[in-house]
Amino acid sequence: MKYLGKKSLSCFLSWFLHVVWFSVLAGFLFMMFFLCIVLFVEPVTDPSATGFNKVLYMVFQEVGSSNDQELYDFMKTHVALRLLAVSYLFVVLGLTLRIITKARLLFTNFKNNIVFSEDNVKILSKLSKLLIIFSIMTFSLTTFLLCVIILIMTGIFKSGASLQQENDLTI
Amino acid sequence: MSIIFRLDRMMADRKISLNELAKRIDITNSNLSILKTGKARAIRISTLEAICRELDCQPGDLLEYQQDKESDTE
């Protein structure tokens, strides 16, 4: 199996992360739209409503049939708390998209046979920093461990980039 | 850098162009340009040998040591 270059695992991952980026964006925006309606709009109970109110009615019908007690309880909390929850989700979305973008850039470089370069060191360094923030925000130990591994890899790539530069400048 | 590669001077003396020399010693123009501008970190013995052969000179004619200004003041 090829790991670098055209028609390799890196090529597939680069393409896959491209798809994931758009999927995450679409999924999150849809979820946020749904959540914002549920949390901040007055419930529409009139079945004869038209236009956007019809959409709102359908959304609230869906929420009503789900029997999600936690969501019901959360809908009754203070508006500031709900705003905080929505902003937290937006920050997590932003971080997720940024992490995917950085990973995609890295695999695109691998696809183009650019392995030990300063660019990749910068990408890995930024990726590890983003993952630290992400792991703290989501209380994920697995992500934190992954971040530690990426930090070590950054050091390895830094040494590799230095050796590569040395080799490139040896005529 | 203390070691200066006097390739440009030797090429001018022998009236040979960068492209022509690159072709003769079988390295790319960009690599020869790196050598000429002094950006190279190291030079292979085989490359030095090929340059000396084509320019009909000694390695000492190509390399020159100049003391750094900083070490002068010390």
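Everything that follows concerns the structure shown earlier in this document.
Along each chain, residue indices are assigned from 1 in the same order as the chain's sequence is written. Chains and ligands are labelled sequentially in the order written, the chains with letters from A and the ligands with numbers from 1. In keeping with the predicted nature of the model, local features appear solely for residues at pLDDT of at least 70, side-chain atom pairs appear and are counted solely at 80 or more, and the whole-chain, interface and lining totals rest on all residues. Where side-chain values are given, they derive from all heavy atoms of the structure, hydrogens and water being excluded.

Colleague: Lay out the side chain of T154 of chain A with the relevant residues and their values.
Modeller: Here a helix means four or more residues in a row that DSSP labels H or I, a strand means two or more in a row labelled E, and each is numbered from the N terminus. Relative to the assigned elements, T154 of chain A resides in helix α6 (residues 141-168). We call two residues contacting when some pair of their heavy atoms lies within 4.5 Å. Once residues within four sequence positions are removed from consideration, T154 of chain A is found in contact with V121, L124 and S125 of chain A.

Colleague: Before we move on, can you summarise the packing of aromatic side chains with the specific residues and values?
Modeller: Residues and elements named next belong to chain A. Any two rings among Phe, Tyr and Trp, with Trp reduced to its six-membered ring, count as a pair given centres within 6.5 Å; such a pair is stacked if its planes are under 30 degrees apart, edge-to-face if over 60, and tilted if neither. For the structure shown, the criterion picks out six aromatic pairs over all chains. Arranged with centres 5.9 Å apart and planes meeting at 35 degrees, the rings of F12 and W15 form a pair that is tilted. Placement of both F12 and W15 in helix α1 (residues 9-40) is noted, with a separation of three residues, approximately one turn of the helix. Exposed residues in this analysis have more than 50% of their type's maximum accessible area, buried residues have under 20%, and partly exposed residues fall in between, with area computed by a 1.4 Å probe over protein chains only. You can call F12 partly exposed: its relative accessible area is 45%. W15 sits in the exposed class, given a relative accessible area of 53%. Through pairs of rings, three or more aromatic residues link up here, namely F107, F110, F116 and F157.

Colleague: Break down the pattern of salt bridges for me, citing the residues and quoting the values.
Modeller: All names here are of chain B. Salt bridge, as applied in this entry: a Lys or Arg side-chain nitrogen positioned within 4 Å of an Asp or Glu carboxyl oxygen. Evaluated as defined, the whole model comprises six salt bridges over all chains. Of the charged contacts, one joins E20 and R24 as a salt bridge, the two residues approaching to 3.2 Å between their closest N and O atoms. Here E20 and its partner R24 are both found in helix α2 (residues 18-25), four residues apart, which amounts to about one turn of the helix. By relative accessible area, R24 is classed as partly exposed at 42%. Of the charged contacts in the structure, one is a salt bridge between E54 and R24, with a shortest N-O distance of 3.5 Å. Of this pair, E54 sits in helix α4 (residues 45-55) while R24 sits in helix α2, and the two are 30 residues apart along the sequence. The exposure class of E54 is partly exposed, given its relative accessible area of 24%. One network of salt bridges, with partners in common, ties together E20, R24, R53 and E54.

That is the geometry; function is a separate question.
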